[in-house]
Amino acid sequence: MEKEPEFLQRAYEACRHHALRMIANAREIDGMLAWVDPKPQKGFKVDANMDLVNMAIDYGQTGVVYVLSETGKYLKDQEILEAAKKGADFIVKHAVKTERGYKFPWHVYLEKQ
């Protein structure tokens with residue numbers, strides 16, 4: 001198909017555009033990146049002076065890092081890969097060592113900016 005390379009180029013550009021939008025929406029904290037949940041699920045009590053970072057893979061920090069990692073790898077884009085590393089650093093910072101390894105909190109609370 002003649003149009004296939006054109007379609008692939010548009011798909012690459014769309015992936016990069018969305019990845020850069022995710023990066024632009026991150027909060028930088030001590031050289032790390034965190035994605036604040038704009039609408040925490042009902043039932044979560046969040047102090048008015050705090051923001052919530054959902055650490056789950058489906059709707060949270062871990063999922064964003066995974067998507068950025070895969071997108072950056074696929075597009076061979078260092079900017080996206082660097083953002084994924086900074087997001088992973090935030091996750092690792094909040095790891096809690098246990099007798100059997102590490103566990104991670106479901107949520108992390110940050111002071112509002």
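Above this text is the structure in question.
The structure reproduced in this document is the subject of the present report. Note that the structure is predicted; figures quoted are calculated from it, not measured.

Moving on, we get to helix α3 (residues 78-93). An ideal rise of 1.5 Å per residue puts 22 Å on 16 residues; α3 measures up with 22 Å between its terminal C-alpha atoms. Within α3, the full set of buried residues consists of I80, A83, A84, G87, F90 and I91. The buried residues of α3 occupy one face: seen down the axis, they fall within an arc of 115°. Exposed positions of α3 whose direction lies more than 90 degrees from the buried face are Q78, V92 and K93. Looking at the packing, one finds that the buried side of α3 touches α1 (4-24), β1 (27-29), β2 (32-34), β3 (50-54), α2 (61-75) and β6 (107-111). One side-chain oxygen of the residue at the start of α3 lies 3.0 Å from the amide nitrogen of E79, identifying that residue as D77.

Let's shift gears to the pattern of salt bridges. A complete count under the given rule lists six salt bridges for this structure. Among the ionic pairs, R16 bridges to D77, the shortest N-O distance being 2.5 Å. Taken together, the residues span a long stretch of sequence, with R16 in helix α1 and D77 in the loop between α2 and α3 at a distance of 61 residues. With relative accessibility at 11%, the residue D77 sits in the buried group. Put simply, E70 and K73 hold a salt bridge, and the shortest N to O gap is 3.4 Å. Taken together, the positions of E70 and K73, both in helix α2 and three residues apart, correspond to about one turn of that helix. The exposure class assigned to E70 is partly exposed, which follows from its relative accessible area of 34%. The exposed category is assigned to K73, whose relative accessible area is 53%. Because the salt bridges share partners, they merge into one network encompassing R16, D77 and E79.

Conventions and cut-offs
Residues numbered from 1 in each chain as written. Predicted model: local features only at pLDDT ≥ 70, side-chain atom pairs only at ≥ 80, totals over all residues. Heavy atoms only, no water. Helix = DSSP H or I, 4+ residues; strand = E, 2+ residues; numbered from the N terminus. Expected span 1.5 Å × (residues − 1). Buried < 20%, exposed > 50% of the residue type's maximum accessible area, 1.4 Å probe, protein only. Arc of directions from axis to C-beta. Contact = heavy atoms within 4.5 Å. Polar contact = N/O pair within 3.5 Å; in protein donor to acceptor, adjacent residues only side chain to side chain. Salt bridge = Lys/Arg side-chain N within 4 Å of Asp/Glu carboxyl O.

Geometry only, nothing functional implied.
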